[in-house]
Each structure stands twice: as C-alpha cells, then as structure tokens.
Amino acid sequence: MLRFLVLVVASLCICLYALPVESLKRQTPSAVPQYVLDYAPLVWLDLEEQFFPSDIANQLLNTHPQSSSSSDDVGAAPNPLNLENLDQLNRLGDDNVYLTANDDWTQTPEWTRGVRPDGSGKTSGAVTCAMLTHNKDNTTLDAFYFYFFAYNQGNTVLDQELGDHLGDWEHVMVRFDISTGTPQAVWLAQHSAGNAFEYAALEKQGDRAVVYSARGSHATYATSGSHDHTIPGLPLEFGFLQDYTGQGTLWDPVQSAYFYSVSFPEVTAPGDASNPSFTAYDDSPTNWLYFLGHWGNAQLSDDDTRQQDFFGQKKYTGGPTGPRDKQINRDSVCGEFLPVCVVNILLPPGSK
C-alpha cells in the first residue's frame, strides 16, 4: 500500500512539472508556427518572488496617463483607456506619456502583485505574455516572448533598495532556422543588457528551454543562483548589484498569451524598428503594441518624501517602454544591447 501511495505522489509531481506541448496545440491560434510553441521557454520564478506575472490589460485599469514634465493628466486621452486605443496617446506626448498609478504604487497595492501560475504553469484569468514572430528573410525567424509584470522590485545594496518601478517588460528571444523549424540561439534580457546562448546549451524540459526569472527584477538568466549585473553584459564573480534566481514556481507563459507577427515594410537601415507593422494571429488586441510611452509612473522627484537617494541612485525610478522598443528588428541575436555579440556554447562555470 505504501509503495502504491509513493507511486501516486510521484506521478502527480511529474504531471505538475512536465508541462505538455499538446495543450498548446489546442489553445493557440492555428497559424502560429508550431515550432515556436514546441520550443517556447519555460520560466522558473524564484522561491521568494512576491511580484508575479500580471495581466497586461489590468495595468490600464489601475493607471491613468500623465506627462513626464508635470503631474497633470494628459488632455483628450481616450476614456476608458484599453488595449485597442492605447496607441492614441502617442499623438498627445509620444514617449513622454507615463501610465501613472491611481493609488500609491510605492505601497505595492494588491494589483501590483500579479497572478501566481497554477500547477499547469498557467496564469489563470490573466494574459501575461505577448509572443511576436519576425520572419527576417524566409530563412530565419525570431520569436520574442515578452513577459509582463505590474511591478519591478529593485536590488538591495548595503541595505538600500534601489530601482523599484511600476510596470516591467522582460523578454526572451529564440532564433529559429525556418527550413527545419529548429532553434539555433537564445537571447536572455537582463536589465539594460543580457546574454546569448546556443539553444543546445540551455537546461531543458523535454525540448523546451528552461530559464530563470530573477526575484523582483525579473531579469532572465540561464541558471539558478546569484548573478552580478554591476556592469551590464559583463558578470563579475562579486559585485554590488546581484540578482537571485531559483526554482520556486514554474511558469508556462504561452498558455496565457497574445500572439502576433511583426514586419517592417518601411525599413530605412539595417536593424531599423521605427515603423513596425503588427498583425494578430487571432483576435488579440493589437493597437497597444504601437504605444510609445511608459508602462508605469515617471521617476519620483527628489522633493517627493517617498523618494530615497543613495549616492545618486534612486529607489523609485521611471516605468519602462513596451515591446516595440526592445530591438525587435535586430540583426545579431544580441541586437545592440552588447558592443560585441558572443553566443555562449556552455552555461556559466558551476552551473548544474
């Protein structure tokens, strides 16, 4: 009897953490290239994570647009604001528009906490990912998996928490050979830089790469443990700025995602992404992808009593721009995030 119970428990554990691709075939638009789903990365959220993936549209329900130069609301803004009219804010301020919290976001209200993925890896009731495919030249396809969080918790340096901001867009990009449908390389975004790896180098669950989302900051890494990012793109053995990753909750982002393709019909120079054209694979809302502004508050001013300064570094910084501003028409796997693009063939020393 005891042996039977052990087998039952083991079976449940396997079901819990082996997230099948078959379910994706049923839930995603049929026009999405199947290999983009078969190799979609799985994401470990840290054991101590407090700010989980968030519904993209919900950010608009809890914010209102303001100008970066004042605390005044943006005049003539659509009301109510939604994913189909968000791009209309561009004519009112371009990238100077900030989606500003309706309440005190520094107190991390409940809506900033996001949705913890369930046992199947899905963020039930919340669309927390946007997947973009870019067919570059009919030989190469870049698949961008954009992950959204309502809140970014910064790193702690000498007991000072720095770099908190409302709204957080992170991404992983997988480059595919279209002729074979096989993944060649992966870009893992980390703050203002990142790292690239051959797909074969990464940890896998079946055929799918497994990546790690850093606690609070949600930067993506190839391994669990501590990760220095004091110098962007150049990890040191010891540094002041450390991210931490671990196996807490396994998330399968494409189970709760919007699906799009992107093209660049008016490219004027290699890598130019200034005039993208987005097309939904289904009835996913599209216009929000054209929004040029920021998905959170502007940086708190120095005379705001909530702001803290640590040798010129601020605790509360400005929210980020969205997916269109993440070099989605890049030439190399690294884009221009690094001065020299090195695609690693091995995981960092000491990795499992």
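The preceding data block contains the structure.
Just so you know, these numbers come straight off a predicted model, no measurement behind them.

Participant: What is the right way to read the pattern of salt bridges from this model?
Facilitator: Opposite charge on two side chains permits them to pair, given that their charged atoms come into close proximity. Taken as a whole and assessed by the stated rule, the structure comprises eight salt bridges. With a closest N to O distance of 2.7 Å, Arg175 and Asp142 form a salt bridge. Here Arg175, found in strand E8 (residues 165-177), pairs with Asp142, found in strand E5 (residues 140-152); they are 33 residues apart in sequence, far enough to count as distant. Under the relative-accessibility criterion, Arg175 is labelled buried at 12%. Note on Asp142: relative accessible area 0%, which makes it buried. We note a salt bridge from Asp252 to Arg208, for which the minimum N-O separation is 2.6 Å. Note that Asp252 is positioned in the loop between strand E16 (249-251) and strand E17 (257-263) and Arg208 in strand E12 (residues 208-213), a separation of 44 residues in sequence. For Asp252, a relative accessible area of 0% corresponds to the buried category. Taken together, the shared-partner salt bridges in this structure form one network comprising Asp46, Glu48 and Arg215.

Participant: Help me understand the pairing of E5 in this model?
Facilitator: Most of E5 sits out of view: 13 of its 13 residues are buried. Where strand E4 (residues 129-135) and E5 come together, seven bridges link them in antiparallel fashion. In the strand pairing of E5, His134 is matched with Asp142. Joining the antiparallel neighbours E4 and E5 is a turn of four residues, in which Asn138 adopts a positive phi near 70°.

Participant: Help me out: how do you make sense of the state of the cysteines in this one?
Facilitator: Throughout this description, disulfide means a covalent bond between two cysteine sulfur atoms. Inspection of every chain in the model, using the stated rule, returns one disulfide. Paired by a disulfide, Cys334 and Cys341 hold their sulfur atoms 2.1 Å apart. Between Cys334 and Cys341 the sulfur-sulfur dihedral comes to about 70°; the bridge is accordingly right-handed. By relative accessible area, Cys334 is classed as buried at 0%.

What counts, and at which threshold
Residues numbered from 1 in each chain as written. Predicted model: local features only at pLDDT ≥ 70, side-chain atom pairs only at ≥ 80, totals over all residues. Heavy atoms only, no water. Salt bridge = Lys/Arg side-chain N within 4 Å of Asp/Glu carboxyl O. Helix = DSSP H or I, 4+ residues; strand = E, 2+ residues; numbered from the N terminus. Buried < 20%, exposed > 50% of the residue type's maximum accessible area, 1.4 Å probe, protein only. Pairing = 2+ DSSP bridges. Disulfide = S-S within 2.5 Å.

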